[in-house]
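Here is what each chain is made of, one letter per residue.
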Amino acid sequence: MDNFTFKSPTQFIFGRGTHAQAGKYAARCGAKKVMVLYGGGSVITNGVLQTVVESLDAAGLDFIVAGGVQPNPVSSYVYQAIEAAREEKVDFMLAVGGGSVIDTAKAVAAGVPYDGDFLDFYRGKGVKEALPVGVVLTIAAAGSEGSPNTVITDEETKIKKGATGECLRPQFAILNPELTFTLSAYQSACGISDMMAHIFERYFTKTKDNAVTDRICEGLLLAITEKAMDVIIDREDYEAQAAIMWAGMLAHNNICGVGREQDWGSHALAHQLSALFDAAHGAALAVVFPAWMKYVVDEDVELFARIAHNVWGVAMSDDKKQMALDGIAAYEKFLRGIGMPTNLAQLDVPEEAIPQLVELAFAPGGSTIGYFKKLTPADVEAVYRLAL
Ligand code: NZQ
Ligand code: ZN
């Protein structure tokens, strides 16, 4: 196990009716003027925004409200929101939505006190200072409610990239599984694909002797696969949604990743599918991850055989390679079962786009991507081709 430090300071408020406490928790964080961000309008239709705004009023907080954050959020929105936040002397960001809204709130939080271009943070500069962020989560997926990360697409270069800073971890995150009842089955499935990918990015490592985190990863994957079909069939299954919502947070606050080298290559490849073709993040990962697994399986056949047995129920055998391949096939079957695409054609991505996807994946710099197997441009092209 590698040395590590781990601090997950976010206060999680979990359960029915909890979003009505947003104002109380923002006030406890010392907020005076709150910028409430939301997305395309689902929180208006289902009444969530109204309840949150009333709670801010009840807590005696001043606030402004801004909507229109799009999935796969973009830089132009962030620039405008930074301006508005500065003009209004906002001192607290409250995201009401999913990863896209939370990531935008984090981008604004980092941009307001920064003199330069906020995109510097997405070109490798660490975020050291930011306004405090609070979250009312409406979709179990990205795990941004507990993570120190934010992902934004630079519209000029079409590069989708992450920025990181411990100060970006939300002060509090309200997780009410009831808020997910209005999701479509497709959106729920995208979320499930994403949270599983967050675990795989950490599970597939060259670091040895990680018994605790290995088992946390496998346990979470088992819980997710057990409950996934329940939420796809009935989005109002509270207990199933509760399990999926908590799993989505645990998959990405890095409790699964401490003490080990992590990969993150599949995310880098999936991001370019979202940037160029506006593919939903979880759907892009459902296409990339099985292809990546097939490409890198020989790096550690034992590890692949182990997850095949422990998570996918593949019978033990002396033929570890076959076990490994059966595990990958079971994962693909699972993805198809919850309604996810598993090839590029299903995302309307033509074969001719592959050279541009490879170029974009390397545009931020570096000669390889990922760590479990360091992928060169030729490897990345091969992975995309395996996804055709
Ligand atoms: O915009 P609205 O109208 O709210 O609709 C959204 C959106 O269309 C809808 N939705 C959300 N909650 C809903 C709902 N519809 C009905 N009822 C509800 N309760 O769902 C759609 C997708 O929303 P989005 O916020 O984009 O989803 P998600 O949480 O999957 O976030 C994806 C973004 O997060 C980034 C991804 O790259 C992507 O841009 N990620 C962020 C990470 C982080 N900050 O740590 C890590 C992840 O790996 C990921 O990269
Ligand atoms: Zn993700």
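Residues numbered from 1 in each chain as written. Chains lettered and ligands numbered in written order. Predicted model: local features only at pLDDT ≥ 70, side-chain atom pairs only at ≥ 80, totals over all residues. Heavy atoms only, no water.

A. Expanded view of the overall build of the protein. Within the protein, the secondary structure is distributed over 14 helices and eight strands. Relative to the globule expectation of 21 Å for 388 residues, the C-alpha radius of gyration of the protein, 20 Å, shows essentially globular dimensions. Taking the principal axes of its C-alpha atoms as reference, the protein extends roughly 65 × 45 × 45 Å. Here the protein holds 388 residues, and the buried ones make up 57% of them. Sequence separation of 24 or more characterises 78% of the internal contacts of the protein that already satisfy a separation of 6 or more. Counting every atom, the protein has about 15,300 Å² of accessible surface; 50% of that belongs to carbon and sulfur. Here the protein contributes 32 positive and 47 negative side-chain charges, whose respective centroids are spaced 4 Å apart. (Helix = DSSP H or I, 4+ residues; strand = E, 2+ residues; numbered from the N terminus. Rg over C-alpha atoms; globule rule 2.2 N^0.38 Å. Buried < 20%, exposed > 50% of the residue type's maximum accessible area, 1.4 Å probe, protein only. Contact = heavy atoms within 4.5 Å. Areas by Shrake-Rupley, 256 points an atom, 1.4 Å probe, with all protein chains shown as cover. Lys, Arg positive; Asp, Glu negative; His and termini not counted. Charge placed at Lys NZ, Arg CZ, Asp CG, Glu CD.)

B. Summary view of the packing of helix α6 (residues 185-203) against helix α10 (residues 281-296). For the pair α6 and α10, interaxial distance at closest approach is 7 Å and the crossing angle is 40°. If you check the angle between α6 and α10, you find them oblique. The handedness of the crossing between α6 and α10 is left-handed. For the pair α6 and α10, the contacting residues are Tyr 186, Cys 190, Ser 193, Asp 194, Ala 197, His 198, Phe 200 and Glu 201 in the first and His 281, Gly 282, Ala 283, Leu 285, Ala 286, Phe 289 and Met 293 in the second. Each residue belonging to the contact of α6 with α10 can be placed in one class, and the counts come to nine nonpolar, four polar and two charged. (Axes fitted to C-alpha atoms, helices over the stretch in contact; angles between N-to-C directions. Parallel < 35°, antiparallel > 145°, perpendicular 65-115°, else oblique. Left-handed = near helix turned anticlockwise from the far one by under 90°. Nonpolar A, V, L, I, M, F, W, Y, C, P; charged D, E, K, R; others polar.)

C. Main features of α6. Along its 19 residues, α6 runs 27 Å from first to last C-alpha, staying within 8% of the 27 Å computed at 1.5 Å per residue. Within α6, 16 of the 19 residues are buried, which leaves the element mostly enclosed by the surrounding structure. (Expected span 1.5 Å × (residues − 1).)

D. Quick peek at the site of ligand 1. As a matter of local geometry, ligand 1 sits amid 31 residues, with Gly 40, Ser 42, Gly 99, Ser 100 and His 198 nearest to it. In the environment of ligand 1, an oxygen atom lies 2.6 Å from a nitrogen or oxygen atom belonging to the backbone of Gly 40. Thr 138 has a polar side-chain atom sitting 2.8 Å from a nitrogen atom of ligand 1. Calculation on ligand 1 without its partners gives an accessible area of 950 Å², and the protein chains cover 89% of this total. Looking at the shell around ligand 1, the elements that each hand over two or more residues are α5 (99-111), β6 (149-154), α6 and α9 (265-277). Across the shell around ligand 1, the residue classes tally to eight nonpolar, 20 polar and three charged. (Near = heavy atom within 4 Å. Polar contact = N/O pair within 3.5 Å; in protein donor to acceptor, adjacent residues only side chain to side chain.)

E. Just the pairing of strand β4 (residues 92-97), in detail. Within β4, six of the six residues are buried, leaving the element largely enclosed by the surrounding structure. Both strand β2 (residues 33-37) and β4 contribute to a ladder of four bridges, which runs parallel. Bridged to Val 36 within β4 is Leu 94. Pairing between β4 and strand β5 (residues 133-137): five bridges, direction parallel. Each bridged residue has a counterpart across the sheet, and for Ala 95 the counterpart in β5 is Val 135. (Pairing = 2+ DSSP bridges.)

F. Spotlight on the coordination of the zinc ion (ligand 2). Around the zinc ion (ligand 2), the protein contributes the donor atoms Asp 194 (OD), His 198 (NE2), His 267 (NE2) and His 281 (NE2), which lie 2.0 to 2.2 Å from the metal centre. The sequence pattern describing where the donors of the zinc ion (ligand 2) fall on their chain is D-x3-H-x68-H-x13-H. Highlighted residues: Asp 194 in helix α6 and His 281 in helix α10, separated in sequence by 87 residues. Classification of Asp 194 by relative accessible area gives buried; the value is 3%. When its relative accessible area of 17% is taken as the criterion, His 281 is described as buried. (Donors = N, O, S within 2.8 Å, 3.2 Å for Na, K, Ca; no water.)

G. Just unusual backbone geometry, in detail. One non-glycine residue, Asp 209, lies in positive phi territory at about 55°. Topologically, Asp 209 is positioned in the loop between α6 and α7 (211-233). On the basis of relative accessible area, Asp 209 is assigned to the exposed category, the value being 66%. Its identity is not glycine, yet Asn 254 carries a phi of approximately 85°, on the positive side.

H. How the structure looks around the sheet that holds strand β3 (residues 62-66). Across the sheet, which stays open at both edges, the six strands sit in the order β1-β8-β5-β4-β2-β3 with parallel pairing between neighbours. If you trace the sheet from one side to the other, it starts and ends with β1 (11-14) and β3, each paired once. Shown here is a sheet whose adjacent strand axes are inclined to one another by a mean of 15°, direction ignored. Of the pairings in the sheet, the one linking β5 to strand β8 (residues 172-175) comprises four bridges and is parallel in character. Within the sheet, the bridge partner assigned to Gly 134 lies in β8 and is Phe 172. In the packing of α5 onto the sheet, contacts are made with β2, β4 and β5, and the angle to β4 comes to roughly 165°.

I. The pairing of β2, seen in detail. For β2, the tally of buried residues reaches five of five residues, placing the bulk of the element in the interior. Side chains Lys 33, Met 35 and Leu 37 project from β2 onto one buried face, and the interleaved Val 34 and Val 36 project onto a second face that is buried too. Of the strand pairs in this sheet, β2 and β3 are connected by five bridges, and their pairing is parallel. Each residue of the ladder has a partner; that of Leu 37, found in β3, is Ala 66.

J. Expanded view of the side chain of Lys 33. Residue placement: Lys 33 occurs in strand β2. Look at Lys 33 and you get buried, because its relative accessible area is 14%. Setting aside residues up to four positions removed in sequence, Lys 33 forms contacts with Asp 62, Phe 63, Ile 64, Glu 88, Lys 89, Val 90, Asp 91 and Phe 92.

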